[in-house]
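Residue-level structure breakdown
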Amino acid sequence: MQLTHIHKLVGQIELVSGLHIGGGSAEMHIGGTDNPVIKNPVTLQPYIPGSSLKGKMRSLLEWHAGLVGLTDGSPLGFRDIPKLTPDQQRTGKTILKLFGGAPEGTPDEALIREIGPTRLAFWDCNLDPVWVAEMDDRNLLLTENKTENMIDRIQGVAKHPRNTERVPAGARFAFQLTIKVHDGEDLLDELLTGLKLLELTGLGGSVSRGYGKLRFTGLNLAGEDLQARLDQLTIN
């Protein structure tokens, strides 16, 4: 197995609805929010952790391939490959190539050599400086607070209001990841499927309530425009 290329995939993530990826807080300030978003400790600007993108994309691909029920809810591992059907094995091996996995128990040396090292490296996604400047020019904040209430269905009144901080719809983040190519392999189909699944489902918390909807724009891989390929992709 030979490393033949390392390509960088770049583009933008544009929020279609408010995004909440929790950052936690050791203390609650008067007038603040009890559910803040994660922020860069230096710039204090919200960002999208690469780990959030990687974890959600991998989970979605495993669900899409029908593998989650076969792994008892755990991430796909080397030990799971032998019990899959031939079609599932092909997809499972591709997922392991893209995202990696630690061999458990007695490792299958042939399988380890076939899979090789992890191909994808995700980067944290910082806010687009142009969008930040646009917000500054309009005297707008980089986040918004959304108040949600639990409704008492008998009394018809709101209970337990909770403030959730979100990055607002329209925000743009710089997206990038690197992909290692071994022996001229082509794993782009599975990677693009993962990106499309993210667009269809969302990222972060409360996606079932409309949070975290996003779209990728301007995708480019080593000078090749991939945006049309992603836009035309359908999920069966």
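Here is what the cut-offs are and how they apply
Residues numbered from 1 in each chain as written. Predicted model: local features only at pLDDT ≥ 70, side-chain atom pairs only at ≥ 80, totals over all residues. Heavy atoms only, no water. Helix = DSSP H or I, 4+ residues; strand = E, 2+ residues; numbered from the N terminus. Buried < 20%, exposed > 50% of the residue type's maximum accessible area, 1.4 Å probe, protein only. Contact = heavy atoms within 4.5 Å. Areas by Shrake-Rupley, 256 points an atom, 1.4 Å probe, with all protein chains shown as cover. Core = buried A, V, L, I, M, F, W, Y, C linked by side-chain atoms within 4.5 Å. Salt bridge = Lys/Arg side-chain N within 4 Å of Asp/Glu carboxyl O. Pairing = 2+ DSSP bridges. Axes fitted to C-alpha atoms, helices over the stretch in contact; angles between N-to-C directions. Phe/Tyr/Trp six-rings, centres within 6.5 Å; stacked < 30°, edge-to-face > 60°. Lys NZ or Arg CZ within 6 Å of the ring centre and 35° of its normal. pLDDT = per-residue confidence, 0-100. Expected span 1.5 Å × (residues − 1).

The subject of this paragraph is the overall build of the protein. Of the regular secondary structure elements, the protein holds six helices and nine strands. Among the 236 residues that make up the protein, the fraction classed as buried is 41%. Here the analysis covers contacts within the protein between residues at least 6 apart in sequence; of these, 69% occur between residues at least 24 apart. Carbon and sulfur atoms form 52% of the exposed surface of the protein, whose accessible area is close to 12700 Å².

For the rest of this paragraph, the subject is the nonpolar core. With 50 residues, the main nonpolar core has Ile13 and Phe175 as its most contacted residues. At six residues, the largest contribution of residues to this core is made by helix α5 (residues 188-201).

Attention now goes to the pattern of salt bridges. If you walk through the whole model with that rule in mind, you get 13 salt bridges. Glu165 serves as the salt-bridge partner of Lys39, at 2.8 Å between the closest nitrogen and oxygen. Here Lys39, found in the loop between β1 (3-15) and β2 (47-48), pairs with Glu165, found in strand β6 (residues 157-166); they are 126 residues apart in sequence, far enough to count as distant. Using a relative accessible area of 29% as the deciding quantity, one classes Lys39 as partly exposed. According to the relative accessible area criterion, Glu165 is buried, its value standing at 7%. Through salt bridges with shared partners, a single ionic network connects Arg79, Asp80 and Lys83.

What follows is about the sheet that holds β1. Taken in spatial order, the five strands line up as β3-β7-β1-β8-β9 in an open sheet, and their pairing is antiparallel. Across the chains shown, the open sheet's two edge strands, defined by having one partner strand only, are β3 (120-122) and β9 (224-225). Pairing of strand β8 (residues 214-221) with β9, which is carried by two bridges, proceeds in the antiparallel orientation. By the bridge assignment, Leu221 is partnered in β9 with Glu224. Contacts from α5 reach β1, β3, β7 (172-182) and β8, with the element oriented near 155 degrees to β8.

This paragraph deals with the pairing of β1. Relative to β7, β1 is paired through eleven bridges, and the arrangement is antiparallel. If you follow Ile6 over to β7, its bridge partner there is Lys180. Here six bridges tie β1 to β8, and the two strands are oriented antiparallel to one another. Looking at the pairing, Val10 lines up with Asn220 of β8.

What follows deals with the packing of aromatic side chains. Evaluated as defined, the whole model comprises two aromatic pairs. Considering the side-chain rings of Phe99 and Phe122, the 6.2 Å spacing of their centres and the 15 degrees angle between planes classify their relative orientation as stacked. With Phe99 in helix α2 (residues 86-99) and Phe122 in strand β3, the pair connects residues that are 23 residues apart, well separated along the chain. Its relative accessible area of 17% is what places Phe122 among the buried residues. Look at Phe175 and Phe216: their rings are 5.1 Å apart centre to centre, the planes differ by 65 degrees, and that puts the pair in the edge-to-face class. On the criterion of sequence distance, the pair formed by Phe175 in strand β7 and Phe216 in strand β8 is long-range, its members being 41 residues apart. Cation over ring: Arg209 sits above Tyr211, and NZ or CZ is 5.8 Å from the ring centre.

Mean pLDDT over the protein: 89, with 89% of residues reaching 70 or higher. Confidence scores differ between elements of the protein, with β6 showing the lowest mean pLDDT of 75 and strand β4 (residues 125-126) the highest of 98. Contacts for the low-pLDDT stretch residues 26-32, under 50 throughout, to residues beyond four places or in other chains number three contacts.

This part is about α2. Between the first and last C-alpha of α2 there are 20 Å, a value that for 14 residues agrees with the 20 Å anticipated at 1.5 Å per step. Within α2 the residues assigned to the buried category are Gln88, Gly92, Lys93, Thr94, Ile95, Leu96, Lys97, Leu98 and Phe99. On its buried side, α2 packs onto α1 (50-64), α3 (109-115), β3, β7 and α5. Taken from the residues just after α2, Gly100 is the one with a positive phi, measuring 85 degrees.

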